[in-house]
Amino acid sequence: MEENLYMENILDHYKHPHNAGRLEDASLRARELNPSCGDVIELFLSLDACDRVRDVKFDGKGCAVSQASVSMLTDRIKGRPLAEVLALSERDILEMLGIDVGPMRMKCAMLSLRTLKSALNEKH
Amino acid sequence: MKLPHDIQKDFPSLHAMGMRAYLDSAASSLTPVSVLEAMNDYYQNFRSNVHRGMYKTAGEATERYEAVRGIVAKFLNASAPEEIVFTKGTTEALNLLATSLGRTFGPGDEVVLTEMEHHANLVPWQEAAKRHGFVLKYIPITKAYRLDMDAARALITPKTKAVSIAHASNALGTVNPAKELAALAHAIGALFILDAAQSVPHMKVDVRDLDCDFLAFSGHKTYGPTGVGVLYGKKALLEKMEPAQYGGDMIREVKYEASTWNDAPMKFEAGTPNIAGVIGLGAAISYLETIGMDAVEAHDRDLTAYALEKLPAVPGVKIIGPEAGERIGAISFEVAGAHPHDLATIFDREGVAVRGGHHCAMPLMGKLGVTGTCRASFGIYNGKEDVDALVEAIQAARATLKL
Ligand SMILES: Cc1ncc(COP(=O)(O)O)c(C=O)c1O
């Protein structure tokens, strides 16, 4: 794991987020916030006929860690089967980020996963 | 008046925490050795409950506990020790007021707060308002981060039952015109309540000069221990007020059918109190009185002026709070392009501890259009070198975040 939280790719995702925006026809959506810092993520997903993620977008405000995490997560799940998305764990998020998040910032890193899980909960 | 030049030696945690600059005293201040010793003395030498036992140490514990009422009363220039109620902090004190006073308000009544309140002086009132049907009004802030006093004059009306405001804002550093607001409240017969969590640690606070009816502050922000705080109330008002919590110690007579209450302040202290905490708070106040609140205030003003000169000189830095003058050394700022949490994390690596976030003032952050700010706040052990360390840390953060 990389020591530096603010590696090039984290900053890239923070400054130029992937899949930013809203999906008006989303079949699943959720909004979660981190009460300790006020960071917020709203996630929109639409599924295709075979239960694959057809499209995903997010609208968020927050720190580099929370926003890079959700930006990467949307890349990670786009086009993937729902079963695989449902199985994502905290460890997958940490591997995806590739940085040593540390206990103080874990909540920021996991806000993306928390929002995803709560969107999926609507269905399951 | 000046603080002792070797004041840092009284604060062993300053060294033990291994930081370059502790700039988060508004969240919690560090504790001088004399406070630790006073609490240790209780646990080692007269560890008993108060107001109960007939043996010697119980008597000593009660005496030492009750003596702190006198120390706090003198510190605040209250009229009598009976005007001091011990709580677990500002939050509990304000909850007590909202619960107890709230029951006497109803539909058609109004309670006036400000837009810069800490959640502790907002959520308890919201809940009480919901239950009893009264309405909350908020005095707005101006672009200069001060209360809009014209709006205040319009909002405080014969419907107003209480005006409850932060004496000093933890999020902005603003010191509010308490005397003027007290006069406005009293002119229409409303109660005036001060949340003094951030003012008491930084300046001389005189309840009779301010003419507040109630005032709350926390031990842990005033160089004392955690888990203890004070509610000051004018004696006649405390006597009339109903308790908010029930149980042991707060009663006069209990029967199966009904009970009657002890006198104030005891009727507000249900259950075994934080005895060590109260004794520690007494030691903290004695410590502050020895070094002198004039010196404390002058030191805070000097450091604040220095920081308000140095910080805005760093590219991208914007101060979220008033200019020097009526303000305390709790300085909120933004760095363009950087989130406060990222800044706080990078500062930490530079050995600089600040708070990043909404400072328990979410509605204010919304109004200011930010998710949060970074806040550097000073204690009596801080010096200009700590501000310099912060400036270097901001520069380091700008480099890390490629701003
Ligand atoms: C202005 C203000 N009011 C109330 C509080 C709450 O104090 P405590 O958490 O000690 O109860 C704080 C603490 O952050 C504060 O700054």
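Reading the values: rules and limits
- Residues numbered from 1 in each chain as written.
- Chains lettered and ligands numbered in written order.
- Predicted model: local features only at pLDDT ≥ 70, side-chain atom pairs only at ≥ 80, totals over all residues.
- Heavy atoms only, no water.
- Axes fitted to C-alpha atoms, helices over the stretch in contact; angles between N-to-C directions.
- Helix = DSSP H or I, 4+ residues; strand = E, 2+ residues; numbered from the N terminus.
- Parallel < 35°, antiparallel > 145°, perpendicular 65-115°, else oblique.
- Left-handed = near helix turned anticlockwise from the far one by under 90°.
- Contact = heavy atoms within 4.5 Å.
- Nonpolar A, V, L, I, M, F, W, Y, C, P; charged D, E, K, R; others polar.
- Core = buried A, V, L, I, M, F, W, Y, C linked by side-chain atoms within 4.5 Å.
- Buried < 20%, exposed > 50% of the residue type's maximum accessible area, 1.4 Å probe, protein only.
- Domains from an automatic or database assignment.
- 1 Å grid on protein atoms, 1.4 Å probe; cavity = no way out; pocket = protein on both sides within 12 Å on 5 of 7 lines; lining within 4 Å.
- Points joined across faces, edges and corners; volume = space filled by probe spheres on them.
- Buried area = accessible area lost by both parts, 1.4 Å probe.
- Salt bridge = Lys/Arg side-chain N within 4 Å of Asp/Glu carboxyl O.
- Polar contact = N/O pair within 3.5 Å; in protein donor to acceptor, adjacent residues only side chain to side chain.

> Can you help me understand the packing of helix α2 (residues 64-77) of chain A against helix α5 (residues 106-121) of chain A in this one?
When two helices pack together, their arrangement is given by the angle between their axes and by how far apart the axes lie. Residues and elements named next belong to chain A. The contact between α2 and α5 brings their axes to 7 Å, and the two run at 40°. On the basis of their axis angle, the class for α2 and α5 is oblique. Once α2 is placed against α5, the crossing between them reads as right-handed. Residues V65, S66, S69, V70, L73 and I77 of α2 touch α5, and the partners they reach there are C108, A109, S112, L113 and L116. In terms of residue class, the contact of α2 with α5 is made up of eight nonpolar, three polar and no charged.

> Whenever I open this one, the nonpolar core confuses me. Can you help?
Side chains of nonpolar character tend, in soluble globular proteins, to be buried together. All names here are of chain B. The biggest cluster of nonpolar side chains holds 82 residues, and the ones touching the most others in it are V72, L76, F192, L215 and I380. It is helix α10 (residues 275-291) that provides the largest number of residues to this core, a total of eleven residues. Shared between two domains, this core holds at least three residues of each, these being domain 1 (35-289) and domain 2 (293-400). Setting aside anything within four residues of it in sequence, one finds F192 in contact with V163, I165, A178, L181, A182, A185, H186, D211, C212, D213 and F214.

> Could you clarify how one ought to interpret the layout of surface pockets in this entry?
Where empty space is left in the structure can be found by rolling a water-sized probe over the atoms. Of the voids in this model, the largest pocket is the one considered here, and its volume is about 650 Å³. For the largest pocket, the lining is made up of 24 residues, of which M104 and R105 of chain A together with A344, T345 and D348 of chain B are closest to its centre. Among the secondary structure elements, those contributing two or more residues to the lining of the largest pocket are α5 of chain A together with α12 (340-349), β13 (352-353) and β14 (355-357) of chain B. Per element, the largest residue contribution to the lining of the largest pocket is five residues, and it comes from α12 of chain B. Residue composition of the lining of the largest pocket, grouped by class: eleven nonpolar, five polar and eight charged.

> How do you make sense of the interface of chain B and chain A when you look at a structure like this?
For an interface, size is often stated in terms of accessible area lost upon the parts coming together. Contacts between chain B and chain A engage 15 residues on the former and 19 residues on the latter. For the pair chain B and chain A, the two sides together bury roughly 1400 Å², of which 53% comes from carbon and sulfur. When the buried surface of chain B facing chain A is broken down by residue, H341, D342 and T371 of chain B rank first, second and third, together holding 32% of it. There are two salt bridges connecting chain B and chain A. Viewed at the interface, chain A and chain B are joined by nine residue pairs in polar contact (both at pLDDT 80 or more). The biggest single contributor to the side of chain B that touches chain A is α12 of chain B, with five residues.

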